[in-house]
Amino acid sequence: MSASNVKLTHLDEGGAANMVDVSSKDVSSRIAVARGSVTMRPETLELIQSGNAKKGDVIGTARIAGILAAKRTHELIPLCHPLMLSKVTVDIEADETLPGLIVTATTKVSGQTGVEMEALTACSLTCLTIYDMAKAVDRGMVIGDIRLVEKAGGKSGHWTLAEDGSEGGT
């Protein structure tokens with residue numbers, strides 16, 4: 001599909017931004033998964049894993065920040081619908097090869113609109129919290145590769161990011 005054939009759903013006929021009317025959509029179970037990373041020096045990763053960071057439990061605090069962020073996405077992104085999320089999980093795994101942490105946020109809802117923005121917001125804020133809590137020892141950390149890796153439910157069905165990072169299929 002070429003860019004000229006795509007209609008942005010948040011723009012009305014006159015080009016003004018608006019909230020999409022989802023009232024005619026069926027309620028369905030929806031899930032979204034977003035992933036990102038925080039790359040850091042090996043000694044920073046060791047410090048975080050040891051639980052001895054000056055600000056406390058980096059991983060636990062970042063996980064809670066991500067969950068809170070998912071619940072408040074509609075307050076941060078102007079045209080998002082407020083959703084009654086049924087589940088938010090934030091997994092944070094060490095990756096020695098980066099070195100750093102891989103963040104995976106999963107959001108679920110039964111509703112009339114998807115939860116991609118909630119997953120992406122949870123992932124982003126988790127990464128930002130990791131940075132905030134460890135910046136005293138490593139200001140050069142890099143937050144990156146935040147992207148949707150899977151979504152299911154709704155009219156468009158199931159989508160996953162292809163292994164090579166290209167637009168995936170079902």
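Residues numbered from 1 in each chain as written. Predicted model: local features only at pLDDT ≥ 70, side-chain atom pairs only at ≥ 80, totals over all residues. Heavy atoms only, no water.

K.L.:
Which parts of the structure should I look at to understand the overall build of the protein chain?
P.N.:
Secondary structure summary: the protein chain contains 4 helices and 5 strands in total. Reading the protein chain from its N terminus to its C terminus gives the helix and strand order β-α-α-α-β-β-α-β-β. Viewed in the frame of its principal axes, the protein chain has a C-alpha envelope of about 50 × 30 × 30 Å. Per-residue burial over the protein chain gives 34% buried out of 170 residues. If you take every contact in the protein chain between residues at least 6 apart in sequence, the share linking residues at least 24 apart comes to 68%. A total of about 9,900 Å² of accessible surface is found on the protein chain, and carbon and sulfur atoms cover 54% of it. Between the mean site of the 17 positive side-chain charges and the mean site of the 21 negative ones, the protein chain shows a separation of 5 Å. (Helix = DSSP H or I, 4+ residues; strand = E, 2+ residues; numbered from the N terminus. Buried < 20%, exposed > 50% of the residue type's maximum accessible area, 1.4 Å probe, protein only. Contact = heavy atoms within 4.5 Å. Areas by Shrake-Rupley, 256 points an atom, 1.4 Å probe, with all protein chains shown as cover. Lys, Arg positive; Asp, Glu negative; His and termini not counted. Charge placed at Lys NZ, Arg CZ, Asp CG, Glu CD.)

K.L.:
Sorry, what's going on with the packing of helix α2 (residues 58-71) against helix α4 (residues 116-134) here?
P.N.:
A pair of packed helices can be characterised by two numbers: the angle between their axes and the separation between those axes. Look at α2 against α4: their axes get within 7 Å of each other, and the N-to-C directions meet at 145°. At the point where α2 passes α4, the crossing takes the right-handed sense. Facing Val58, Thr61, Ala62, Ala65, Gly66, Ala69 and Ala70 of α2, the residues of α4 in contact are Glu118, Thr121, Ala122, Leu125, Thr126, Thr129, Ile130 and Met133. When its residues are assigned to classes, the contact of α2 with α4 shows 9 nonpolar, 5 polar and 1 charged. (Axes fitted to C-alpha atoms, helices over the stretch in contact; angles between N-to-C directions. Left-handed = near helix turned anticlockwise from the far one by under 90°. Nonpolar A, V, L, I, M, F, W, Y, C, P; charged D, E, K, R; others polar.)

K.L.:
Would you mind going over α2 with me for this structure?
P.N.:
In an α-helix there are 3.6 residues to a turn, and that puts residues three or four apart on one side. The end-to-end C-alpha separation of α2 is 20 Å, in line with the 20 Å expected for 14 residues at 1.5 Å each. Within α2 the residues assigned to the buried category are Val58, Gly60, Ala62, Gly66, Ala69 and Ala70. Among the structural elements, α1 (42-50), α3 (73-76), β2 (87-95), β3 (100-111) and α4 are those in contact with the buried residues of α2. (Expected span 1.5 Å × (residues − 1).)

K.L.:
Mind showing me how you'd approach the side chain of Thr44 here?
P.N.:
Residue position: Thr44 is located in helix α1. By relative accessible area, which is 1% here, Thr44 ends up buried. Residues within four places of Thr44 in sequence aside, it is in contact with Ala134, Val137, Asp138 and Met141.

K.L.:
Sorry if this is basic, but what is going on with unusual backbone geometry here?
P.N.:
For residues that are not glycine, phi is negative in most cases, and the peptide bond is trans in most cases. A cis amide bond links Leu98 with the next residue in sequence, Pro99, at an omega value of -15°. For Pro99, the location among the structural elements is in the loop between β2 and β3. Backbone geometry at Asp145 places phi at a positive 55°, although glycine is not the residue there. On the secondary structure map, Asp145 appears in strand β4 (residues 142-152).

K.L.:
Sorry, what's going on with a nonpolar patch on the surface here?
P.N.:
Together, Leu125, Leu128, Ile143 and Ile146 make up an exposed nonpolar region whose accessible area comes to about 270 Å². Of all the secondary structure elements, the ones that give two or more residues to the nonpolar patch are α4 and β4. Note on placement: Leu128 falls in helix α4. Here Leu128 falls in the partly exposed class, since its relative accessible area comes to 46%. (Patch = residues over 30% accessible without salt bridge, like charges linked within 9 Å, V, L, I, M, F, W, Y side chains within 5 Å. Salt bridge = Lys/Arg side-chain N within 4 Å of Asp/Glu carboxyl O.)

K.L.:
Hey, could you run me through the pattern of salt bridges in this one?
P.N.:
By the definition in use, this model includes 5 salt bridges. Linked by salt bridges that have partners in common, Arg41, Glu43 and Asp138 make up one network.

K.L.:
Where do I start with the sheet that holds strand β1 (residues 28-39) in this structure?
P.N.:
Adjacent strands of a sheet form backbone hydrogen bonds with each other and so pair up, either parallel or antiparallel. With antiparallel pairing, 5 strands are arranged side by side in an open sheet as β2-β3-β1-β4-β5. At either margin of the open sheet sits one strand with a lone partner, and together these are β2 and β5 (159-160). Packed onto the sheet, α2 meets β2 and β3 and runs at close to 145° relative to β2. (Pairing = 2+ DSSP bridges.)

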